[in-house]
Structures are given as C-alpha cells and as structure tokens.
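As a plain string of letters, each chain reads:
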Amino acid sequence: MSSTIYHDADADLGVLAGETVAVVGYGNQGRSQALNLRDSGVSVVIGNIRDYAHEAALADGFRVLPIAEACAEASCAMLLIPDEVMPEVYTGKVAPQLSPGDLVSFASGYNVAFGLIEPAAGLDVVLVAPRMIGVGVRDAYVAGTGYPAFVGVHQDATGNARARMLALCKAVGATRGGCIEMPMADEAALDLFTEQGFGPAWGRVMMSAVELLVEAGFPPEAVLMELYLSGELAYSLEKIREVGMTRQMDFHSRTSQYGSITRGARYLSLDAPLKEKMGEVLGEIRSGAFAKEWSEQQEQANEIFEKIRAIREQMPFTKWETAARRAFRIGDAGKG
Ligand code: NDP
C-alpha cells in the first residue's frame, strides 16, 4: 500500500488569499507555525488563553486576542494547544465561533480520531501534523530546509479542503520536507504506537543492558558512556537515517559487523513475543481503549505524574546517569 506524498509544487499559497488564520495556542508548535505562516505572507491572528496579554506573541509582533475572538475573526483555525485540554476549549471557545465553510486544522489526529471532538458538518476539517518538534519547525523554515508532516482531509465541506490544507502545509514549511496523506486515525495510532509500543520496548533493551553490565561489575559511568552517553549511538542513528539500517553497518569495523550479525540471530526468538506485546499495545490504541482510559485519568493526572517522578528519582539507573552526566559535564548535569 503506497501513500500520496505532497511537495511544494503541489501547494498554492494563493488559495489562502483573503483568509485569516487563527493560531490557537502560542506554545511549542503555535509560535513556530505562526511565525512561518506570517513569513509566508499569510494573515495571522493569535488566540491565547491569557487573553490580550500573551507576552511572547506580543513581543513577536502578533495581534493577540482571546481564543473565541480570534476564531470569530478568522476563516481558518489551527488548534495548537495540548491535546488533553482541546475538547473543552474546542466546545467552549472555538466551535461557537466557526461558520460553515470555515476550516479547522489539527496538529494531531487524536481528538477527532477517538471521538473526543466532533466538528460540525459544514466545516473543512484537516490534519497538518509535523513530524518535528516545535523549535525544529521554525529552525527548518528559517534555514530553508524542510521537515515532514502527516496530513489529511477528514471532512471536505467546501470542496476546497485539500487545497487549503496544502496551502497551510506550504506556509508552515512542511511541503518542503514532504507531506504524507493519511486518515487522522492512522496518524493518531502511529504517534501513540511510537510512544507506547516502540519507545518503551527500546528503553527496556537499553535498561536491561545497563543493569546486566553493572551487575557484572562494570562501573556504571563506563557502561552508560559505552551504550549511549558518548553520543556514538545518536551518531549511528543519524547515519541510519542517511544511508539506511543495514548499509550503516559498513561504517563499523569488520569485528563489529561479524559479531553483530552472528550474535544478532540469537535474538530472533524474541521477535514473536515482542510483536505480541506490541500488538496488544496497538490494539488498545486502535480500539480507543487507551484514549478512554487517559480521558478518565485527567483528574488524577498531576498526582500520577508526581508519583512517577518520585519513583524515577529513586531508581539506581537515574542516579548512575546523573553522576555520569555530571562527571563528564554532559548537558545540564554539568552545571550542577
Ligand atoms: P504546548 O503545550 O506547547 O501548548 C501551549 C499553548 O497551549 C500555550 O499557548 C498555552 O497557553 C495553551 N494552553 C495550555 N492550556 C490551555 C487551556 N486549558 N486552554 C487554552 N489554551 C491552553 O502544545 P504543543 O505545541 O506541544 O502541541 C500543540 C499541538 O501540536 C498538539 O495537538 C500536539 O499533539 C501537536 N504536536 C506537537 C508536537 C511537539 O513537538 N510539541 C509535534 C507535532 C504535533 P498559555 O501560554 O496562555 O498558558
């Protein structure tokens, strides 16, 4: 199954002539996307919770209004606030201000995919989800390079939703990197799977290796340096991106290549159980069970995070890391 991928040439900024875009939220994505939109010649107004006085947006020279007023003024609303507060903000402040033919854009498919937001039938509803952190969205635009995005048309009320979506993608700099079209449900599932399926499995491999080597008597700082603190792993990942997973092996010594190929086969037996666990996680995501659980946990969320942080600080692993990072003056630990 192949996807449709859009580039700059597929998008026409002229489609947005006469339109005003309300950027709702001026955080990680909001600030970067608003600056890029403005530099692309799009008329932008910022809608922010701190009413008329969001210092950062004002300092950047934007007109800043309360969210409802910004949406009332605009024909496109780009929702760039945290996903967990979005349903309440959408229902209370955004939806009442939107008229038929207006466009609403999400940077994550989460709320629409799991039925937490149901936009009215007369709206164009699109997905413009950068695969890049907020600061990178701005840096890439300024540098003239691109970043990729997952995009989609969830609802086309005007018959022009795809053209408007592509114009927004071009204006924020995403078509330079390539925009892959997909349903919002797929974007949400892929995003959550990376966070819940891939990330923790990868983390477990790293922690198992650290624990094994420390238990075998190697000093924690040497173990951590060997495995990832040196930056060699990060560098290899960059090479994997550049030349591919298997070809990057050519950058390693012959001893390394022989050893990792011959010993790598021993882990094949873990493939089936690993896929089974990951499949469970994916199943919970796609069925909406995770979204339901997370919605139900909102009231206790701060308490849960405090407990997790307290446990994390007590873990031997965290203590080894902090000591090693301090000793080698890596990152902010070096300043302590
Ligand atoms: P942020 O956490 O950076 O958003 C902060 C902004 O949201 C601020 O303007 C803040 O207002 C506002 N805000 C916070 N709470 C509320 C509320 N209760 N009511 C109204 N406004 C509120 O969000 P991100 O930029 O990280 O994420 C925005 C969207 O982009 C999400 O859909 C996310 O999934 C998506 N995304 C994020 C990526 C990332 O790297 N961060 C990558 C790709 C997509 P104030 O300053 O006044 O408190």
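Read on for an overview of the structure.

Cut-offs applied
Residues numbered from 1 in each chain as written. Predicted model: local features only at pLDDT ≥ 70, side-chain atom pairs only at ≥ 80, totals over all residues. Heavy atoms only, no water. Helix = DSSP H or I, 4+ residues; strand = E, 2+ residues; numbered from the N terminus. Buried < 20%, exposed > 50% of the residue type's maximum accessible area, 1.4 Å probe, protein only. Contact = heavy atoms within 4.5 Å. Areas by Shrake-Rupley, 256 points an atom, 1.4 Å probe, with all protein chains shown as cover. Lys, Arg positive; Asp, Glu negative; His and termini not counted. Charge placed at Lys NZ, Arg CZ, Asp CG, Glu CD. Core = buried A, V, L, I, M, F, W, Y, C linked by side-chain atoms within 4.5 Å. Pairing = 2+ DSSP bridges. Axes fitted to C-alpha atoms, helices over the stretch in contact; angles between N-to-C directions. Near = heavy atom within 4 Å. Polar contact = N/O pair within 3.5 Å; in protein donor to acceptor, adjacent residues only side chain to side chain. 1 Å grid on protein atoms, 1.4 Å probe; cavity = no way out; pocket = protein on both sides within 12 Å on 5 of 7 lines; lining within 4 Å. Sits in = over half its atoms within 2 Å of the grid points. Nonpolar A, V, L, I, M, F, W, Y, C, P; charged D, E, K, R; others polar. Points joined across faces, edges and corners; volume = space filled by probe spheres on them.

## Some remarks on the overall build of the chain
- Check the secondary structure of the chain and you find 15 helices and nine strands.
- A total of 336 residues make up the chain; the buried ones form 38% of that total.
- Looking at the chain alone, contacts between residues at least 24 apart form 64% of all its contacts between residues at least 6 apart.
- Only carbon and sulfur atoms are counted for the fraction: they give 57% of the accessible area of the chain, which is about 18,800 Å².
- Of the charged side chains in the chain, 30 are positive and 43 negative, and the gap between their average positions amounts to 7 Å.

## What about the nonpolar core?
- Core analysis: the largest hydrophobic core is formed by 37 residues, its most contacted members being Val21, Val23, Leu37, Val44, Ile46, Phe62 and Met165.
- Mapped by element, the contributors of at least two residues to this core are strand 2 (20-24), helix 1 (28-39), strand 3 (43-47), strand 5 (76-79), strand 7 (124-130), helix 6 (134-143), strand 8 (149-155) and helix 7 (161-172).
- In terms of residue count, helix 7 provides more of this core than any other element does, eight residues in total.
- Among residues more than four places away in sequence, those in contact with Val23 are Gly30, Ala34, Leu37, Val44, Val45, Ile46, Gly47, Met78 and Leu80.
- In terms of nonpolar packing, the next biggest core, distinct from the first, is built from 22 residues, Ala77, Tyr90, Leu98 and Leu123 among them.

## Topic: the sheet that holds strand 3
- Spatial strand order, 1-9-8-7-6-5-2-3-4: nine strands in an open sheet with mixed pairing. Bordering the open sheet on either side are strand 1 (5-6) and strand 4 (64-65), each of which pairs with just one other strand.
- Direction of pairing for strand 3 relative to strand 4: parallel, over a ladder of two bridges. Within the sheet, the bridge partner assigned to Gly47 lies in strand 4 and is Leu65.
- Lying on the sheet, helix 7 is in contact with strand 1, strand 2, strand 5, strand 6 (103-106), strand 7, strand 8 and strand 9 (179-181); it crosses strand 7 at an angle near 30°.

## Quick notes on the environment of Ser230
- Residue placement: Ser230 occurs in the loop between helix 9 (220-229) and helix 10 (232-243).
- Once the C-alpha coordinates of Ser230 and Phe328 are considered, the two residues, 98 residues apart in sequence, prove to be 9.5 Å apart.

## Remarks on the pairing of strand 7
- With seven of seven residues buried, strand 7 lies mostly within the body of the structure.
- Residue alternation in strand 7 divides its side chains into two sets, Asp124, Val126, Val128 and Pro130 and Val125, Leu127 and Ala129, and both sets are buried.
- By the bridge criterion, four bridges tie strand 6 to strand 7 in an arrangement that is parallel. Following the sheet pairing, Phe106 is matched in strand 7 by Leu127.
- By the bridge criterion, six bridges tie strand 7 to strand 8 in an arrangement that is antiparallel. Within strand 8, the position partnered with Val126 by the bridge is Val153.

## Details of the side chain of Ser105
- Counting through the fold element by element, Ser105 comes out in strand 6.
- If sequence neighbours within four positions are ignored, Ser105 has contacts with Ala77, Met78, Leu79, Val126, Val128 and Leu168.

## Description of the site of the ligand
- Taken together, 23 residues form the shell around the ligand, and within it Tyr26, Gln29, Asn48, Ile49 and Asp83 come nearest.
- Separating an oxygen atom of the ligand from a backbone N or O atom of Gln29 is a distance of 2.8 Å.
- The fraction of the free accessible surface of the ligand (910 Å²) that becomes covered by protein chains is 75%.
- Among the detected pockets, the ligand sits in the second largest pocket.
- If you list the elements that add at least two residues to the shell around the ligand, you get helix 1 and helix 4 (86-94).
- Among the residues forming the shell around the ligand, the class breakdown is 13 nonpolar, eight polar and two charged.

## Notes on the layout of surface pockets
- Of the volumes computed, that of the largest pocket is approximately 1,800 Å³.
- For the largest pocket, the lining is made up of 31 residues, of which Trp202, Val205, Leu233, Met245 and Ser260 are closest to its centre.
- Listed by contribution, the elements that provide at least two residues to the lining of the largest pocket are helix 8 (184-215), helix 9, helix 10, helix 11 (254-264) and helix 12 (271-287).
- Top contributing element to the lining of the largest pocket by residue count: helix 8, with eight residues.
- Looking at the lining of the largest pocket residue by residue, the class counts come to 17 nonpolar, eight polar and six charged.
- Considered as a void within the structure, the second largest pocket measures approximately 850 Å³ in volume.

## Here we look at the side chain of Ser32
- Here Ser32 lies in helix 1.
- With relative accessibility at 5%, the residue Ser32 sits in the buried group.
- Only 2.6 Å separates the side chain of Ser32 from the backbone oxygen of Gly134, close enough to count as a polar contact.
- Apart from residues no more than four positions distant in its own chain, Ser32 is found in contact with Gly134, Val135, Val137 and Arg138.

As far as function goes, none of this settles anything; it's purely spatial.
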